[in-house]
Amino acid sequence: MRTTAIFNLKGGVAKTISTSAMADILAIDHKKRVLVIDADGQGNLSQYFGVDAQEGASTLDLLQGTHEPVYSDWVTPARPDVDIDIIPADMTLMYADIEAFEGRLTSRHAMEELRQSIEEDAQSPDANARAAAYDYLLIDCPPAFSAASAAALIAADDVVIPIRLDAFSTSGMADLMTQIINMQRVNPRLTVAGVLVTQYQNTGEEHAALEYLRQSSLPVYRNVIRRSGRVSAATYAREPLVRFSPNCAAAQDYRAFVAEYMAQGGDHDGQR
């Protein structure tokens with residue numbers, strides 16, 4: 001199982017949209033079994049999938065260790081017709097930061113323990129346990145270094161960094177990389193999978209910014225996500241973009257990006 005945190009300290013760069021698009025494409029197009037964790041107290045990913053964090057287990061419960069230890073009891077089906085499950089969140093997730101600040105119990109290793117449990121099932125001799133495991137775990141992080149984002153980076157194999165090509169987004173990359181490097185001391189597995197350019201417009205300024213970014217030391221995905229009004233429409237409808245508007249520019253770009261992302265992890269043939 002590949003565990004990826006979708007993370008940027010800057011808001012408005014399409015983290016949640018990218019997480020949901022990745023999950024939908026992995027499950028719908030590639031028949032993968034996907035678990036998503038909403039690690040952002042805004043709960044936008046949970047709202048997109050129509051899952052209420054007050055019903056069942058939430059990301060806050062996971063960090064506090066207040067639910068059943070079996071990971072299958074933590075998850076809620078996110079789509080009725082494809083293999084996407086979710087651990088949802090809402091504004092109560094801020095209590096994890098308050099508890100961490102006050103020195104009370106919040107486990108920053110909770111997501112890593114969850115990941116290890118899933119990995120154990122994936123390697124189990126029991127066929128039912130293997131079938132219940134996931135191919136991908138995607139974690140939608142907040143635009144802040146919170147208790148939940150720290151837990152996500154401890155659990156992650158790699159980080160996908162969505163970014164807009166504006167001065168404010170690009171100037172914050174140094175701070176973001178400092179945080180990731182610091183977390184590598186706790187999680188030596190952690191790498192930067194790549195920077196994903198989103199909401200791209202083919203202007204002279206953005207083309208120049210993209211070329212500048214590609215010449216930096218950061219890995220940058222070959223595929224970029226073009227700006228499309230159909231993304232907002234699909235989000236309002238709470239439908240996968242690749243079904244709602246399969247031929248729009250962003251849907252085509254996300255499909256190409258996910259294929260690049262999968263190949264990067266050695267997943268070429270659709271097999272776990």
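Refer to the structure printed above.
Residues numbered from 1 in each chain as written. Predicted model: local features only at pLDDT ≥ 70, side-chain atom pairs only at ≥ 80, totals over all residues. Heavy atoms only, no water.

Draft legend 1. Fine view of the sheet that holds strand S2 (residues 34–38). If you walk across this open sheet you meet the seven strands as S3-S4-S2-S5-S1-S6-S7, and the pairing is mixed. Only two strands of the sheet have a single neighbouring strand rather than two, namely strand S3 (76–77) and strand S7 (191–197). Relative to strand S4 (residues 84–87), S3 runs antiparallel, the two sharing two bridges. Looking at S4, one finds that Pro 77 is bridged to Asp 85. Strands in contact with helix H9 (residues 173–183) are strand S6 (158–163) and S7; relative to S6, the strand with the most contacts, it is inclined by about 170 degrees. Helix H13 (residues 249–264) contacts strand S1 (2–6), strand S5 (136–140), S6 and S7 of the sheet and is inclined by roughly 130 degrees relative to S1. (Pairing = 2+ DSSP bridges. Helix = DSSP H or I, 4+ residues; strand = E, 2+ residues; numbered from the N terminus. Contact = heavy atoms within 4.5 Å. Axes fitted to C-alpha atoms, helices over the stretch in contact; angles between N-to-C directions.)

Draft legend 2. Summary view of the packing of helix H1 (residues 15–28) against H13. Two elements in contact, H1 and H13, have axes whose closest approach is 10 Å; the angle formed by their N-to-C orientations is 75 degrees. Classified by the interaxial angle, the pair formed by H1 and H13 is roughly perpendicular. Across the interface between the two elements, Ile 17, Ser 18, Ala 21, Met 22, Ile 25 and Leu 26 from H1 touch Tyr 254, Arg 255, Phe 257, Val 258, Tyr 261 and Met 262 from H13. In terms of residue class, the contact of H1 with H13 is built from ten nonpolar, one polar and one charged. (Parallel < 35°, antiparallel > 145°, perpendicular 65-115°, else oblique. Nonpolar A, V, L, I, M, F, W, Y, C, P; charged D, E, K, R; others polar.)

Draft legend 3. Representation of the layout of surface pockets in the model. A volume near 530 Å³ is recorded for the largest pocket. As for the largest pocket, its lining consists of 29 residues, and the residues nearest its centre are Ala 14, Lys 15, Thr 16, Ile 17 and Thr 235. At the level of secondary structure, the elements contributing two or more residues to the lining of the largest pocket comprise H1, helix H2 (44–49) and helix H11 (229–237). If one sorts the elements of the lining of the largest pocket by residue count, H11 sits on top with five residues. Classifying every residue of the lining of the largest pocket gives ten nonpolar, 13 polar and six charged. (1 Å grid on protein atoms, 1.4 Å probe; cavity = no way out; pocket = protein on both sides within 12 Å on 5 of 7 lines; lining within 4 Å. Points joined across faces, edges and corners; volume = space filled by probe spheres on them.)

Draft legend 4. Molecular detail of the pairing of S5. Most of S5 sits out of view: five of its five residues are buried. The alternating pattern of S5 places Tyr 136, Leu 138 and Asp 140 on one face and Leu 137 and Ile 139 on the opposite face, and all of these are buried. Strand direction decides the pairing type here: S1 and S5, joined by five bridges, are parallel. Directly across from Thr 4, in S5, lies its bridge partner Leu 138. In this sheet, S5 lies alongside S2 in parallel orientation, the contact comprising five bridges. Bridge assignment links Asp 38 to a residue of S5, and that residue is Asp 140. (Buried < 20%, exposed > 50% of the residue type's maximum accessible area, 1.4 Å probe, protein only.)

Draft legend 5. Examining H1 more closely. Counted at 1.5 Å a residue, the expected span for H1 with its 14 residues is 20 Å, and the 20 Å between its end C-alpha atoms agrees. Among the 14 residues that make up H1, 13 are buried, leaving the element largely enclosed by the rest of the structure. (Expected span 1.5 Å × (residues − 1).)

Draft legend 6. Geometry of a nonpolar patch on the surface. On the surface, Met 91, Met 94, Tyr 95 and Ile 98 cluster together into a nonpolar patch covering about 380 Å² of accessible area. Position of Ile 98 relative to the elements: it lies in helix H4 (residues 94–102). (Patch = residues over 30% accessible without salt bridge, like charges linked within 9 Å, V, L, I, M, F, W, Y side chains within 5 Å. Areas by Shrake-Rupley, 256 points an atom, 1.4 Å probe, with all protein chains shown as cover. Salt bridge = Lys/Arg side-chain N within 4 Å of Asp/Glu carboxyl O.)

Draft legend 7. Spatial organisation of empty space enclosed by the protein. Applying the stated criterion across every chain, the model contains one cavity of 30 Å³ or more. When its volume is computed, the largest cavity comes out at roughly 100 Å³. Breaking the lining of the largest cavity down by element, the ones donating at least two residues are H1, H11 and helix H12 (241–244). If you tally residues by element for the lining of the largest cavity, the top one is H1, at five residues.

Draft legend 8. Representation of the nonpolar core. Met 111 and Ile 161 are the most contacted members of the largest nonpolar core, which has 51 residues in total. Per-element tally for this core: the top contributor is helix H7 (residues 147–155), with seven residues. What Met 111 contacts, discounting residues up to four positions off in sequence, is Ile 37, Ala 39, Thr 59, Leu 62, Leu 63, Ile 139, Ala 148, Ala 151, Ala 152 and Ala 155. Leu 26, Ile 225, Val 231 and Tyr 254 belong to the second largest nonpolar core, which has 38 residues in total. (Core = buried A, V, L, I, M, F, W, Y, C linked by side-chain atoms within 4.5 Å.)

Draft legend 9. View of the side chain of Asp 157. Tracing the chain through its elements places Asp 157 in the loop between H7 and S6. At a separation of 3.0 Å, a polar atom in the side chain of Asp 157 contacts the side chain of Arg 189. Aside from chain neighbours lying at most four places away, what touches Asp 157 is Met 1, Arg 2, Thr 3, Arg 189, Leu 190 and Thr 191. (Polar contact = N/O pair within 3.5 Å; in protein donor to acceptor, adjacent residues only side chain to side chain.)

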